[in-house]
Amino acid sequence: MPQLRVVSPSSEQQDDPAFAVARALSAHFETGSTKSLSWRLSQLDALEHFLMEREQDILEALHADLRKPAMEAFSSEIAFPILELRLARKKLAAWMKPERVRTPLLAMPGRSYIYREPLGVTLIIGAWNYPFQLIVLPLVGAIAAGNCAALKPSELAPHVSALLAKWIPKYLDPKAIRVVEGGPSETRSLLRQNWDHIFYTGNGRVGRIVMEAAAKHLTPVTLELGGKSPCIVDESADLDTAAKRIVYGKFFNAGQTCVAPDYVLVHDRVHDALVNRMVSTIREFYGEDPKQSADLSRIVNERHHARLTRLLDGADIVTGGETDPSERYVAPTILKNVNEDDAVMQEEIFGPILPVISVSTVESAIGFVNRQAKPLALYLFSRQRTVQDRVLAGTSAGGTAINHVWLHVGVPQLPFGGVGESGMGAYHGRHSFETFSHRRSVLKKPTLADPPLIFPPYTARKMRWFKKLF
């Protein structure tokens, strides 16, 4: 029997629930039961049953935590994971097959392969803005790759956390998948354990804490962070289309989306026209009084509401600006005459506030973007191919959509992840399977006699023949 990584726990560890979870998952992984194709497919089937059968419970929990409209909640938190797990289920057998690669002459005769094997016991820490999806979507990859997983939902979305804790053990293998509820204390306890991989979604401050904790065990991490995702609007853009798509992308989930347009850099020749169209679009989407709209989410808690309210102090408000702490409401808001050193430009907004900044050229917009940390996403509205190519060549971002916002996130063939301070690693589609897999190099050789060329004693003649191999 293989030994567990922790054999003699200390008294402190014995009293730590997080240690007990990690130890139990490790023991179960060592049985090898999660590695089979049949187990992986059965768990993906069970996860889909959970999403389909408990749809109403999920929607109600999301409404209770964030007052998410059913349409937004279903499309982003239920339908998206269903599409991903169905893709994984369809392709999994092919993904698991050893991949044969070219064998160089020096290693002949022989055959070279890449085997994908599960990393082992993984920790998935979710975020509060999409509290269901950001647990379930990485879990699809962990299961597909044959891992055990501990799931830590966000305590800031308590209804979703409780729902996951209640139903995950009833649908999925409880020996392989465990939910751990709690706040920062429980998260710190989990981070002290020796995991085979940590997958964290959240902000950069906590991302640094996760990475520091992982370094103590040399644990690999995937960090899905965020940042100020810019949106550049060139003078050639279709302004009606740009206004509608920017407003949709920004105020979806009340702006609490890691890839929401954080600010707009618009050519000064079309600045006023774009702003006017966005104001009209807000009214079209949410009515004359957005507070009464059933289609606008609320801010997650009082602390974040207060933070957003402070960002409005002294701002030049074009539309919106109303707040109500009793309902955690912030109106869809557009700001103009924003300076680079204003408070609203110093942090990721993560709320329904959209600064609009006028620029004279595309080069000015590129320079502005490059003075900031590399963003998780960058958006460009332009009908000119030369402008599109110039922005792509002159900037760096986790992902980009041209003439739309964040739809690239829904393309499973595209890796989703950040660069620099916006994160490391990527997932979605096959990329999720790869993230939770180790690519093991395997060379298979026959037992034929090896050529004496490679063995001592070395001679000048052997060296001449050896060089001919290259």
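Numbering of residues starts from 1 in each chain and follows the order in which that chain's sequence is written. The model is predicted, so local features are restricted to residues of pLDDT at least 70 and side-chain atom pairs to those at 80 or more, both for listing and for counting; the totals for chains, interfaces and linings are taken over all residues. With hydrogens and water excluded, all non-hydrogen atoms of the structure serve as input to the side-chain values.

Draft legend 1. Up close: the overall build of the chain. Helix numbers and strand numbers start at the N terminus; a helix is a DSSP run of H or I with at least 4 residues, a strand a run of E with at least 2. Looking only at helices and strands, the chain has 16 helices and 18 strands in total. Scaling as 2.2 N^0.38, a compact globule of 470 residues should have a C-alpha radius of gyration of about 23 Å, and the chain matches this with 26 Å. Exposure classes here rest on a 1.4 Å probe applied to the protein chains alone. A residue is buried below 20% of its type maximum, exposed above 50%, and partly exposed in between. Burial status across the chain gives 51% buried among its 470 residues. In the chain, once contacts between residues fewer than 6 apart in sequence are set aside, the share between residues at least 24 apart is 71%. Restricting the calculation to C-alpha atoms gives the radius of gyration, and the globule rule supplies 2.2 Å times the number of residues raised to the power 0.38. Residue contacts follow a heavy-atom distance rule, with two residues in contact if any of their heavy atoms lie within 4.5 Å.

Draft legend 2. Looking closely at the pairing of strand S16 (residues 399-402). Burial along S16 is one-sided: Gly399 and Ala401 are buried, and none of Thr400 and Ile402, which face the opposite way, are. Pairing between strands requires that DSSP locate at least two bridges from one strand to the other. Here four bridges tie strand S15 (residues 377-381) to S16, and the two strands are oriented parallel to one another. Across the sheet, leucine 378 pairs through a bridge with threonine 400, a residue of S16.

Draft legend 3. Spotlight on the sheet that holds strand S18 (residues 437-444). Strand order in this open sheet of three strands is S1-S2-S18, and the pairing throughout is antiparallel. In this open sheet, the two strands that pair with only one neighbour each are strand S1 (99-101) and S18. Each strand axis lies, on average, 30 degrees off the axis of its neighbour in the sheet, ignoring direction. The sheet contact formed by strand S2 (residues 111-118) and S18 spans eight bridges and is antiparallel. Within S18, the residue paired with isoleucine 114 across the bridge is serine 441. Lines fitted to the C-alpha atoms define the axes, with helices restricted to the stretch that makes contact. Angles between their N-to-C directions range from 0 to 180 degrees.

Draft legend 4. Layout of the sheet that holds S15. Pairing within the open sheet is mixed, and its seven strands lie in the order S10-S13-S14-S9-S8-S15-S16. Each having just a single partner strand, strand S10 (316-319) and S16 make up the two edges of the open sheet. The mean angle between the axes of side-by-side strands here comes to 25 degrees, regardless of whether they run parallel or antiparallel. Relative to S15, strand S8 (residues 230-233) is paired through three bridges, and the arrangement is parallel.

Draft legend 5. Representation of the packing of helix H5 (residues 70-96) against helix H6 (residues 133-144). Contact pair H5 / H6: the axes reach a minimum separation of 9 Å and the direction vectors enclose 5 degrees. Between H5 and H6, the angle is such that the two are roughly parallel. In this structure, H5 uses Ser76, Glu77, Phe80, Pro81, Glu84, Leu85, Ala88 and Leu92 to contact H6, whose residues at the interface are Gln133, Val136, Leu137, Val140 and Ala144. Gly is placed with the polar residues, together with every amino acid not listed as nonpolar (Ala, Val, Leu, Ile, Met, Phe, Trp, Tyr, Cys and Pro) or charged (Asp, Glu, Lys and Arg). Residues that form the contact of H5 with H6 fall into these classes: nine nonpolar, two polar and two charged. Throughout this description, any angle smaller than 35 degrees is read as roughly parallel, any larger than 145 degrees as roughly antiparallel, any in the 65 to 115 degree range as roughly perpendicular, and the remainder as oblique.

Draft legend 6. Representation of the pattern of salt bridges in the model. Only one rule defines a salt bridge in this text: a Lys or Arg side-chain nitrogen within 4 Å of an Asp or Glu carboxyl oxygen. This structure, assessed with the given rule, holds 22 salt bridges. Among the ionic pairs, glutamate 421 bridges to arginine 208, the shortest N-O distance being 4.0 Å. Of this pair, glutamate 421 sits in the loop between S16 and strand S17 (423-424) while arginine 208 sits in helix H9 (residues 204-215), placing them 213 residues apart in sequence. Comparing glutamate 421 with arginine 208, the two get one shared label, exposed. In this structure, a network of salt bridges that share partners links the residues Asp45, Glu48, Arg86 and Arg89.

Draft legend 7. The arrangement of the side chain of histidine 305 in detail. Its location among the elements puts histidine 305 in helix H12 (residues 302-311). Any N or O atom pair separated by 3.5 Å or less is treated as a polar contact, with the protein-specific requirement of one donor-capable and one acceptor-capable atom, and with residues adjacent in sequence counted only for side-chain atom pairs. In terms of polar contacts, histidine 305 uses its side chain to reach the backbone carbonyl oxygen of tyrosine 329, at 2.8 Å. Apart from residues no more than four positions distant in its own chain, histidine 305 is found in contact with Ile299, Thr323, Asp324, Pro325, Arg328, Tyr329 and Val330.

Draft legend 8. Representation of the side chain of glutamine 388 within the structure. Tracing the backbone through its elements, the reader meets glutamine 388 in helix H14 (residues 385-394). Judged by relative accessible area, which is 15%, glutamine 388 ranks as buried. Only 2.9 Å separates the side chain of glutamine 388 from the backbone oxygen of serine 382, close enough to count as a polar contact. Ignoring any residue separated from it by four or fewer positions in sequence, one finds glutamine 388 in contact with Leu380, Ser382, Arg383, Ile402 and Asn403.

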